[in-house]
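Residues per chain, in single letters:
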Amino acid sequence: MAEAHSAVAFSFSITHEGWDVNFDREVLHLVWASGIRSWKKRLARFKNNVRNGVFPAPLQSLWAMMGIVLALRYANNSFIKYTDIILQWLPGTSYIWQIVSCFILSLTFWLILIYIVRYTFKLMLMYKGWMYESRGGHKVSLKTKLWGLGIKLLSSKSKPLLYSYQGSLPKLPLPPVNETMKRYLKSVRPLMNDSEFESMIKLAREFEKGIAVKLQRYLWLKSWWSSNYVSDWWEEYVYLRSRTPLIVNSNFYGTDAIMLHSTPIQAARAAMIIWQCLQYRRLIERQELEPIRVQGLVPLCSWQYERIFNTTRVPGAVSDKIVHYNDSRHIVVYHAGRYFKVIIYSQNRILHPCEIEEQIQSILDNTEKPYTGEEKVAALTAADRTHWANTRTQYFFKGINRQSLDAIEKAAFVVTLDEVPYEYDPENSKKLDEFGRILMTGKGYDRWFDKSFTLCIGSNGRVGFNAEHSWADAAVMSHLWEFIIFDEAEKSGYQENGHTKGSPELEPPKPIRLQWNLDPVLEAIEKSYQVSLALVNDIDLRILAFNDYGKGFMKTAKVSPDAFIQMALQLAYYRDAGKFSLTYEASMTRLYREGRTETVRPCTLESSTWVKSMLDPNVDTNKRINLLRQACATHQRGYQDAMCGKGIDRHLFCLYVVSKYLEVESPFLNKVLSEPWRLSTSQTPHGQTTQFDLRKFPNCISAGGGFGPVANDGYGVSYIIAGENLVFFHISSKKSSPHTDSNRFAIRIKEALNDMKSLHDDWNRSTKNVSS
């Protein structure tokens, strides 16, 4: 075995004849190469940290400052006194020490200037007025135009690295309690009758004038002291302390660019996607990945990117923890119930796609049977977290089980080579539904749900991923996925026969079969499998490819495309359930340091009024259009508020956490935090990479991804506006609920979208008739 060979590659013993030393020269070379690579990475990281620390000033500006100080030193006698002050503290006054004094003075002036620029930049980024103004034309105020010009001047002097803006990003602001109360009460008004609403007003006022004062004081202290007053608690209490299974409840998935089929050869496609993931990882390690800037000006926080690779969620009895490793030289591949460790570096470089293809093909050709329990061991990661934590401590703490678990948890990521095809047929929607279901759950045991992400490869060469949610939000995985899809299309790395281009320059390391001793664990594995199997069988997933129209038409309606779709979802849900429901839409707060998400509440007084007007035959077209635009404007304002730190739910969540620490009960917070989100929605972002060009690669966009329902009697809806004339909806629910049906809700969504188009067409016709 390779592991055993490595273990005895260097040994020594003491005998009566003296020292006896044995070593393997090849292994020592590998150790030396590994050390060199590690130090290179440390030096690169140090250099990047220096560049980030002085950004937006380039390092070359220091030498310019040095030149200015030297010129003043020898051209202006009055300037000499400044360098003479420094000379008093130096060992000598010779010409060399005079140069040193000039350098110290230059460095001092340079650092003062840099920090003035940095804090000016930070103050400017605190301005959020641009968010509420139109992007073009005369509606942009002079203040915002001057602000935009200032941002360009301050940030265009040096090419930013991935983390260059981190030190300049402002902290997430803590909103006043009274403002949050006003927003909350307004958001729940359409969900309550008069008596319920009066009762809620009373609870809110008691809370605001009572315990909220004390809770807010502690939260203000945290917001002042920490980088972000929400993110660490959100990660801890929403994700890591949750004991529910990750499958369906937490993990999410993403699909391939279904209108393309690069190659039907599984090993070739797997090799190419693995190689592209590794290229992306290298961009992150070197900080060469371009940070995202809204409108090309305002940077988003890049903190979450660090944990895309080499990361795993480790179970605990009470709380899990996220473990990130600085480096990993291998991936782990699962196929036909077996796990293989695959080395992806050789001779100090990443293996080429054609070399990785050889490794993957050797796994596909391997006919060995799984060890007892090996096939379903990943079911432990899918089910109850405490059960997995206890099992891990008892059976995976030492021996070969620990070695194999370490190999998986320390891998860059996990790859699953599925034995079924991922299919898409525009004439058969069930194939796309099955595509999504396979990625979301698999068989309940063939994805390592703890890993940051599992790359899934179908037997026909189509791909997708299943991602754990605690380490980052879906937008980060979407960025990686978008990079992969467009990079693959741009580079065309396949031969005509479907295999990867190129010829191997070396013999790639052979995959290493992971060893297991799972006989004592079979009962625990089976228990977890039954839990995951029940969830797999209960999930109802429907993927709707809506191609009647898309973003192009929505823009002609002069409303935000996201707001347009959210109104369609409100209309669809009301028709489906006969009532309104608390609705969740995820929005980002990455305009602030370490920001993650905030909740937008699309069910508003304006949206509910518009929905009711669509069901009332007595309301005319003009009024419906006006109500729709008011509802969309309200939604857009709520989305902007959420992005700018003026949301409702994260603030209330943090107040609730403080109340638990202080061991005080709040009837208001208990009621708010117990309200079910029966309609949970999210838009899949795209256009995050500079490669994104649908005109050049019109079929490159992914069909998006999805997640499970948050409430047992609710829907999970993810959507991606995939172009001018296409929108994908991923609709999930539970078969066990008599109140939901994903296929029925998909029909409701399609009806709502078509009714909205008919409404707009009728309004256009009536407007033309009046004008003529």
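Above this note sits the structure.
Treat the numbers as computed from the prediction; the structure is a model and nothing was measured.

Student: Requested: an account of the overall build of the protein chain, with residues and values cited.
Tutor: Along its length, the protein chain carries 25 helices and 22 strands. Here the C-alpha radius of gyration of the protein chain, 29 Å, is about what a compact globule of 772 residues would show, namely 28 Å. The buried share of the protein chain, reckoned over its 772 residues, is 55%. Counting every atom, the protein chain has about 34,900 Å² of accessible surface; 55% of that belongs to carbon and sulfur. Across the protein chain, the mean location of the 94 positive side-chain charges is 8 Å away from that of the 78 negative side-chain charges.

Student: If you had to explain the packing of helix α5 (residues 95–125) against helix α6 (residues 142–155) to someone new, which residues and values would you point to?
Tutor: Packed helix pairs are specified by the crossing angle of their axes together with the interaxial distance, meaning the distance between the axes. For the pair α5 and α6, the least separation of the axes is 10 Å and the interaxial angle reads 145°. Classified by chirality, the crossing of α6 by α5 is left-handed. Residues V117, T120, F121, M124 and L125 of α5 form the contact with α6, whose participating residues are W147, G150, I151, L154 and S155. Of the residues that constitute the contact of α5 with α6, the class distribution is 7 nonpolar, 3 polar and no charged.

Student: I'd love a proper account of the sheet that holds strand β17 (residues 583–588), names of residues and values included.
Tutor: Within the open sheet, the 6 strands sit side by side as β16-β22-β21-β19-β17-β18. Their pairing is mixed. Only two strands of the sheet have a single neighbouring strand rather than two, namely β16 (539–546) and β18 (597–600). On average, each strand axis in the sheet is inclined to that of its neighbour by 20°, with strand direction left out of account. Strand direction decides the pairing type here: β17 and strand β19 (residues 679–683), joined by 3 bridges, are parallel. Opposite T583, over in β19, you have L679 as the bridge partner. Against the sheet, helix α16 (residues 429–441) touches β16 and β22 (727–734), its axis set at about 130° to β16. The sheet strands contacting helix α20 (residues 561–577) are β17, β19, β21 (715–721) and β22, and the helix crosses β21 at an angle near 150°.

Student: Residues and numbers for the state of the cysteines, please.
Tutor: Counted by the stated rule, this structure contains 0 disulfides. Summary of cysteine pairing: C456 is not part of a disulfide, and the nearest cysteine sulfur, belonging to C277, is at 11 Å.

Student: Before we move on, can you summarise the sheet that holds strand β8 (residues 330–335) with the specific residues and values?
Tutor: Across the sheet, 8 strands lie side by side as β15-β9-β8-β12-β13-β14-β3-β20; this open sheet has mixed pairing. Both edges of this open sheet fall to β15 (512–513) and β20 (705–706), since each of them pairs with a single strand only. In the packing of helix α11 (residues 266–285) onto the sheet, contacts are made with β8, β12 (414–417), β13 (453–457) and β14 (463–467), and the angle to β13 comes to roughly 150°. Sitting on the sheet, helix α17 (residues 474–491) touches β3 (252–255), β13 and β14, and the angle it makes with β14 is about 155°.

Student: Requested: an account of the side chain of E488, with residues and values cited.
Tutor: As for its placement among the helices and strands, E488 is situated in helix α17. Residue classification places E488 among the buried positions, given a relative accessible area of 7%. At 2.7 Å, the side chain of E488 and the side chain of R269 are in polar contact. In contact with E488, other than residues within four places in its own chain, are S262, R269, M272, I273, Q276, G493 and Y494.

Parameters at a glance
- Residues numbered from 1 in each chain as written.
- Predicted model: local features only at pLDDT ≥ 70, side-chain atom pairs only at ≥ 80, totals over all residues.
- Heavy atoms only, no water.
- Helix = DSSP H or I, 4+ residues; strand = E, 2+ residues; numbered from the N terminus.
- Rg over C-alpha atoms; globule rule 2.2 N^0.38 Å.
- Buried < 20%, exposed > 50% of the residue type's maximum accessible area, 1.4 Å probe, protein only.
- Areas by Shrake-Rupley, 256 points an atom, 1.4 Å probe, with all protein chains shown as cover.
- Lys, Arg positive; Asp, Glu negative; His and termini not counted.
- Charge placed at Lys NZ, Arg CZ, Asp CG, Glu CD.
- Axes fitted to C-alpha atoms, helices over the stretch in contact; angles between N-to-C directions.
- Left-handed = near helix turned anticlockwise from the far one by under 90°.
- Contact = heavy atoms within 4.5 Å.
- Nonpolar A, V, L, I, M, F, W, Y, C, P; charged D, E, K, R; others polar.
- Pairing = 2+ DSSP bridges.
- Disulfide = S-S within 2.5 Å.
- Polar contact = N/O pair within 3.5 Å; in protein donor to acceptor, adjacent residues only side chain to side chain.

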